[in-house]
Amino acid sequence: MKHLLLASLIFIGCQADPEILMTVNGPVAAEKLGTTLPHEHFLVDFIGADSTGYSRWNKDTVFAKVLPFLMEAKKAGVVTIMECTPAYLGRDPELLRRLSQKSGINIITNTGFYGAIQNKALPEVAFTMSEDQLAGIWINEWNNGIESTGVRPGFIKIAVAGDSVLSPLHEKIVRAAARAHLATGLTINAHTGPEAPAKAEIQILREEGVHPSAFVWTHAQGGSISAHIDLAREGCWISLDNIMRDNIQEYLALLINLKQNNLLNRVLISHDAGWYDVIDPQSVTYRGYTDLFIHLKPALFDKGFTEEEWTLLTVTNPREAYTIRTRRLE
Ligand SMILES: [Zn+2]
């Protein structure tokens, strides 16, 4: 009994210490994360929250489609991928677990609700419930897993649209995310784009007592370079996440700006690529997950970037951004 008590005290005492991230197969130590793509997709269903569901795709077909792209990424050195598709937009934890087990890649999924695309991907409860009730749904997924899969989310994914003033509905979603963050330590990845709504989100987080370092400004390539500097200095993560062969020069300029301002330690880079499109699987060309390594890396090195800076961008920053830890305002 004494030993049991001691063991549990040690466990409780260490709980805040071991740095972990949560994958679809359970926790992974932060130092094991390796090269990480922090914003990708495998499967997306844009039909809308009122019509989507697991019956709309065949898991075996999607599995067969996605797997070769994961193996290709693995060959390029990728160890971990954050699959950023939220609930009601094609999130399928069971499929992700199968893909992770077969490919050997760590896959991280999410909880939260997606308010962009005219609120089409929001379930009815997003409109009727309070901030605390919405946060409660996401906290429950963290505590008990998603549906009956046992898969736990590794971050909170939300999406807002609009300008410097968010709609009451989107403000509610951001407040709910802040409260869920304080309860779980899960980082908030917010599909945002321009800087005006990003600043509005950070202001709401501050009102809720959440530090900007809990916030990933997703699609920050849609904002100005001066906003990148300002928000990175506040601690926010600048997610430059639609990198592909054809736009390397644009991203090079953004990364050089951040480097010149000593802010490379706040930057996340990814492809926002994929994906199996449920609405029309034949019409879409699936984008793979290797342009960063084949095209961006040599272009950065030509501009004087070092191996250490590459490691910062692809290993250290995603690990630091998504390690499960509550980030409160002092
Ligand atoms: Zn995305």
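See the structure above.
Everything in this summary refers to the structure shown in the same document.

Here is what the cut-offs are and how they apply
Residues numbered from 1 in each chain as written. Predicted model: local features only at pLDDT ≥ 70, side-chain atom pairs only at ≥ 80, totals over all residues. Heavy atoms only, no water. Pairing = 2+ DSSP bridges. Helix = DSSP H or I, 4+ residues; strand = E, 2+ residues; numbered from the N terminus. Axes fitted to C-alpha atoms, helices over the stretch in contact; angles between N-to-C directions. 1 Å grid on protein atoms, 1.4 Å probe; cavity = no way out; pocket = protein on both sides within 12 Å on 5 of 7 lines; lining within 4 Å. Points joined across faces, edges and corners; volume = space filled by probe spheres on them. Nonpolar A, V, L, I, M, F, W, Y, C, P; charged D, E, K, R; others polar. Donors = N, O, S within 2.8 Å, 3.2 Å for Na, K, Ca; no water. Core = buried A, V, L, I, M, F, W, Y, C linked by side-chain atoms within 4.5 Å. Buried < 20%, exposed > 50% of the residue type's maximum accessible area, 1.4 Å probe, protein only. Contact = heavy atoms within 4.5 Å. Parallel < 35°, antiparallel > 145°, perpendicular 65-115°, else oblique. Left-handed = near helix turned anticlockwise from the far one by under 90°. Expected span 1.5 Å × (residues − 1).

## A look at the sheet that holds strand 3 (residues 36–40)
Two orientations exist for strands paired in a sheet by backbone hydrogen bonds: parallel and antiparallel.
Right, on to step 1. Reading across from one edge, 3-5-6 is the order of the 3 strands in this open sheet, with parallel pairing throughout. The open sheet is flanked by strand 3 and strand 6 (106–108), the only strands paired with a single partner. Taken pair by pair, the neighbouring strands of this sheet meet at an average axis angle of 20°, ignoring direction.
Right, on to step 2. The pairing of strand 5 (residues 80–83) with strand 6 spans 3 bridges and is parallel. Its bridge partner being in strand 6, threonine 80 is matched across the sheet by asparagine 106.

## So, the layout of surface pockets
Right, on to step 1. There is about 290 Å³ of room inside the second largest pocket.
Right, on to step 2. Taken together, 18 residues form the lining of the second largest pocket, with Tyr54, Ala87, Tyr88, Arg91 and Glu147 sitting closest to its centre.
Right, on to step 3. Among the elements that take part in the lining of the second largest pocket, helix 5 (residues 131–144) stands out by supplying 3 residues, more than any other.
Right, on to step 4. Taken together, the residues of the lining of the second largest pocket sort by class into 10 nonpolar, 5 polar and 3 charged.

## Description of the coordination of the zinc ion
Right, on to step 1. Ligation of the zinc ion by protein atoms is provided by His39 (NE2), His41 (NE2) and Asp272 (OD), these donors lying 2.1 to 2.3 Å from the ion.
Right, on to step 2. Mapped onto the sequence, the residues coordinating the zinc ion show the spacing H-x1-H-x230-D.

## Focus: the nonpolar core
Right, on to step 1. Counting 83 residues, the largest nonpolar core has Phe42, Trp138, Leu240, Leu255, Ile269 and Leu296 as the members making the most contacts within it.
Right, on to step 2. Examining the composition of this core, we find that 7 residues originate from one element, helix 6 (residues 168–184), more than from any other.
Right, on to step 3. Here leucine 240 is in contact with Ala220, Gln221, His228, Tyr251, Leu254, Leu255, Leu258, Val267, Leu268, Ile269 and Ser270, once residues within four sequence places are set aside.
Right, on to step 4. Counting 13 residues, the second-largest nonpolar core is a separate cluster that includes Leu21, Ala30, Met82 and Trp237.

## Some words on the packing of helix 6 against helix 7 (residues 195–207)
Right, on to step 1. It is at 9 Å that the axes of helix 6 and helix 7 come closest, and there the two elements cross at 50°. Between helix 6 and helix 7, the interaxial angle falls into the category oblique. Of the two elements, helix 6 crosses helix 7, and the hand of that crossing is right-handed. Residues Glu171, Val174, Arg175 and Ala178 of helix 6 form the contact with helix 7, whose participating residues are Glu201, Ile204, Leu205 and Glu207.
Right, on to step 2. Residue composition of the contact of helix 6 with helix 7, by class: 4 nonpolar, no polar and 4 charged.

## Re helix 6
Right, on to step 1. Compared with the 24 Å implied by 1.5 Å per residue over 17 residues, the 24 Å span of helix 6 between its first and last C-alpha is a close match.
Right, on to step 2. In this structure, the buried residues of helix 6 make contact with helix 4 (124–128), helix 5, strand 8 (155–159), strand 9 (188–191) and helix 7.
Right, on to step 3. Residue glycine 185 follows helix 6 closely and has a positive phi angle near 80°.

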